[in-house]
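Reading the structure
One letter stands for each residue in the lines below.
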Amino acid sequence: MKLWGGRFSKSTAKLVDKFNASIYFDKKLYKQDIIGSIAYTKMLEKCNIITDEESFKIINGLKEILKEIEDGSVQFKIEYEDIHMNIEKLLIDKIGDVGKKLHTARSRNDQIAVDMRLYLKEEINNICNILKNLLKTLIYISEKNIDTIMPGYTHMQRAQPITLAYHLMAYFQMFKRDYLRLIDCINRMDYLPLGAGALAGTTYSTNREFLAKELGFKNICDNSLDAVSDRDFVIEFLSTASIIMMHLSRFCEEIIIWNSSEFNFIEMDDSFSTGSSIMPQKKNPDVPELLRGKTGRVYGNLISLFTVMKGLPLAYNKDTQEDKEGV
Ligand code: ARG
């Protein structure tokens, strides 16, 4: 029987199981899901909703499951639909009925909202570090090219003389703005949605301030309907990612034309170029071309989610499950 199957007298069609499931991709959220559940269990205990003995069993069970997933010994099942119910089922199988208490006063709606925020906060931090390296590299190459004179262009026509350093530092400005946009994006998603329940909170006396501290959120969502249905934070990330790709793509476009024999400003390193199987004179800029090309799918993911969200009534709707693959 499904974990939600109490009122059902028929089992789900196999085709529906397959179509409805998100475990194929939300399994990537296993760590955030378990970290969220451990904090949630501590909160339930602190609020005397479960006993310390129950809390101990649940937390140990969750920690073991985390290890087992990381060892590769866990097989997720489509019939348990998503990462939340797969882990809950594993927990109940491991520690028995007490495992069912973990989901007290919680819904998968606030659970997925917190998992996605935890995941994105971490990933955005990683992207920020990569961007910082890019900024440092731009400074490094610029410093070496303070005296490298080159033409500056407007309308692709030679306009005024500039230096390569100055040209590259224009990209520095673009990527610096991207970095700040990402930080801004983290700050705006730094609100805890857990505790919102399915949509309208819970009659249990829970403690969201405690949860926020445990999970490292600076603030708490003010409106529970918004907490479970909002995906602005995902759209903001995808839109910042799209701007980053636009900048990378422009940069790559310049590398490609500078590397052409018509321009002949630069020569790409052999280790970052490819050859032709029919024309031996060629050295192709596949890497910057591919980066320019991959911009398309990032824009596509942004537009997809915009389109998914535009007609949704409050509060949670299953459509929002479509936010994950693009991210
Ligand atoms: N897999 C779902 C998602 O990604 C989790 C939330 C499901 N909630 C529900 N009421 N069916 O959005």
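The notes below deal with the structure included here. Starting afresh in each chain, residues are numbered from 1 along the sequence in its written order. The model is predicted, so local features are restricted to residues of pLDDT at least 70 and side-chain atom pairs to those at 80 or more, both for listing and for counting; the totals for chains, interfaces and linings are taken over all residues. Side-chain measures here rest on the full set of heavy atoms in the structure, leaving out hydrogens and waters.

**Here's the deal with a nonpolar patch on the surface**
Exposure above 30% relative accessible area and the absence of a salt bridge qualify a residue for a patch, where like charges join within 9 Å and nonpolar side chains (Val, Leu, Ile, Met, Phe, Trp, Tyr) within 5 Å. Surface exposure here means Shrake-Rupley accessible area, sampled with a 1.4 Å probe, where a residue is shielded only by the protein chains that are shown. Salt bridge, as applied in this entry: a Lys or Arg side-chain nitrogen positioned within 4 Å of an Asp or Glu carboxyl oxygen. A surface patch of nonpolar side chains, amounting to about 260 Å² of accessible area, comprises Phe-272, Val-287 and Leu-291. Secondary-structure assignment places Phe-272 in the loop between α10 (232–258) and α11 (286–309). Runs of H or I in DSSP of at least four residues are treated as helices and runs of E of at least two as strands, each being numbered from the N terminus.

**Points about the site of the ligand**
Note on terminology: near, applied to a residue and a molecule or strand, indicates that one of the residue's heavy atoms is within 4 Å of it. Around the ligand, the neighbouring residues are Ser-22, Asp-82, His-84, Arg-108, Asn-109, Ile-112, Tyr-316, Gln-321 and Lys-324. As used in this structure description, the phrase polar contact means that two N or O atoms lie within 3.5 Å; if the pair is within protein, one of them must be able to donate a hydrogen and the other to accept it, and residues adjacent in sequence are counted only when both atoms belong to side chains. Within the side chain of Ser-22, an N or O atom sits 3.2 Å from a nitrogen atom of the ligand. Between an oxygen atom of the ligand and a side-chain N or O atom of Tyr-316, the distance comes to 2.5 Å. In isolation the ligand has 340 Å² of accessible area, and contact with the protein removes 87% of it. With three residues, the single largest contributor to the shell around the ligand is helix α6 (residues 108–144). Note that Gly is not counted as nonpolar here; it falls among the polar residues with everything else outside the nonpolar set of Ala, Val, Leu, Ile, Met, Phe, Trp, Tyr, Cys and Pro and the charged set of Asp, Glu, Lys and Arg. Classifying every residue of the shell around the ligand gives two nonpolar, four polar and three charged.

**Side note on the pairing of strand β1 (residues 149–154)**
Bridging between β1 and strand β2 (residues 157–163) involves six bridges; their strand directions are antiparallel. Counted as the bridge partner of Tyr-153 is Arg-158 from β2. When DSSP finds at least two bridges between two strands, those strands are taken to pair. Turn length for the β1-β2 hairpin, with the two strands adjacent in sequence and antiparallel, is two residues, and the turn residue His-155 shows positive phi of about 55 degrees.

**Looking at α6**
Across its 37 residues, α6 extends 54 Å between first and last C-alpha, which sits within 8% of the 54 Å expected from 1.5 Å per residue. The opening residue of α6, the one whose side-chain oxygen lies 2.8 Å from the backbone nitrogen of Asn-109, is Ser-107. Helix span, as expected, comes to 1.5 Å for every residue beyond the first.

**Observations concerning the pattern of salt bridges**
One pass over the full model with this rule turns up 23 salt bridges. Salt-bridge contacts for Lys-2 lead to Asp-17; the nearest nitrogen and oxygen are separated by 3.0 Å. In this pair, Lys-2 sits in the segment before α1 (14–20) while Asp-17 sits in helix α1, placing the two residues 15 residues apart along the sequence. Across this residue pair, the class does not change: Lys-2 and Asp-17 are buried. Glu-122 is the partner of Lys-31 in a salt bridge, and the nearest nitrogen-oxygen pair spans 3.4 Å. A residue pair is termed long-range when its members are at least 10 positions apart, and Lys-31 in helix α3 (residues 30–46) and Glu-122 in helix α6 qualify at 91 residues. Three exposure classes are used, based on accessible area relative to the maximum for each residue type with a 1.4 Å probe and protein chains only: buried under 20%, partly exposed in between, and exposed over 50%. The class of Glu-122 is partly exposed, set by a relative accessible area of 35%. One network of salt bridges, in which partners are shared, links Glu-81, Asp-82, Arg-108 and Lys-318.

**Digging into the nonpolar core**
By convention a nonpolar core is built from buried Ala, Val, Leu, Ile, Met, Phe, Trp, Tyr and Cys residues, the set being connected through side-chain atoms within 4.5 Å. If you look at the biggest cluster of nonpolar residues, it comprises 70 residues, and the most contacted ones within it are Tyr-40, Leu-62, Ile-124, Leu-192, Leu-215 and Phe-237. When contributions to this core are tallied by element, the ones reaching two or more residues are α3, α4 (52–71), α5 (83–95), α6, α7 (164–189), α8 (208–215), α10 and α11. Only heavy atoms matter for contacts: two residues are in contact if any of them lie within 4.5 Å across the pair. For Leu-192, the residues in contact, after removing those within four places along its chain, are Val-114, Arg-208, Leu-211, Ala-212, Leu-215, Phe-217, Asn-219, Ile-220 and Cys-221.

**Quick look at the packing of aromatic side chains**
Pairs were defined over the aromatic rings of Phe, Tyr and Trp, the Trp ring being its six-membered one, requiring ring centres within 6.5 Å. Orientation was assigned from the angle between planes: stacked under 30 degrees, edge-to-face over 60, tilted for the rest. Using the criterion set out here, one finds five aromatic pairs in the structure. With a centroid separation of 5.2 Å and 80 degrees between ring planes, the pair formed by Phe-263 and Phe-265 is classed as edge-to-face. Here, over-ring charges are defined by two tests on the NZ atom of lysine or the CZ atom of arginine: distance to the ring centre within 6 Å, and angle to the ring normal within 35 degrees. A cation sits over an aromatic face here: Arg-7 above Phe-8, 5.6 Å from the ring centre. In this structure, Lys-121 is placed above the aromatic ring of Phe-217, and the distance from its NZ or CZ to the ring centre is 4.1 Å.

**Here we look at the side chain of Thr-41**
Structurally, Thr-41 is set in helix α3. Here Thr-41 falls in the buried class, since its relative accessible area comes to 0%.

**Some points on the side chain of Ser-273**
With respect to the secondary-structure elements, Ser-273 resides in the loop between α10 and α11. For Ser-273, a relative accessible area of 15% gives the class buried. In this structure the side chain of Ser-273 is engaged in a polar contact, spanning 2.8 Å, whose partner is the backbone oxygen of Asp-269.

**A look at the layout of surface pockets**
A 1.4 Å probe that fits but cannot get out identifies a cavity on a 1 Å grid over protein atoms alone, an open set with protein on both sides within 12 Å along at least five of seven lines counts as a pocket, and a residue lines either if it has an atom within 4 Å of a point. Grid points are joined across faces, edges and corners, and a volume is the space filled by probe spheres set on the points. In this structure, the largest pocket occupies an estimated 500 Å³ of space. The wall of the largest pocket is formed by 20 residues, among which Leu-134, Leu-138, Phe-175, Leu-248 and Phe-251 lie closest to the centre. Partitioned by chemical class, the residues of the lining of the largest pocket number 18 nonpolar, two polar and no charged.

Read these as layout, nothing more, since geometry by itself doesn't imply function.
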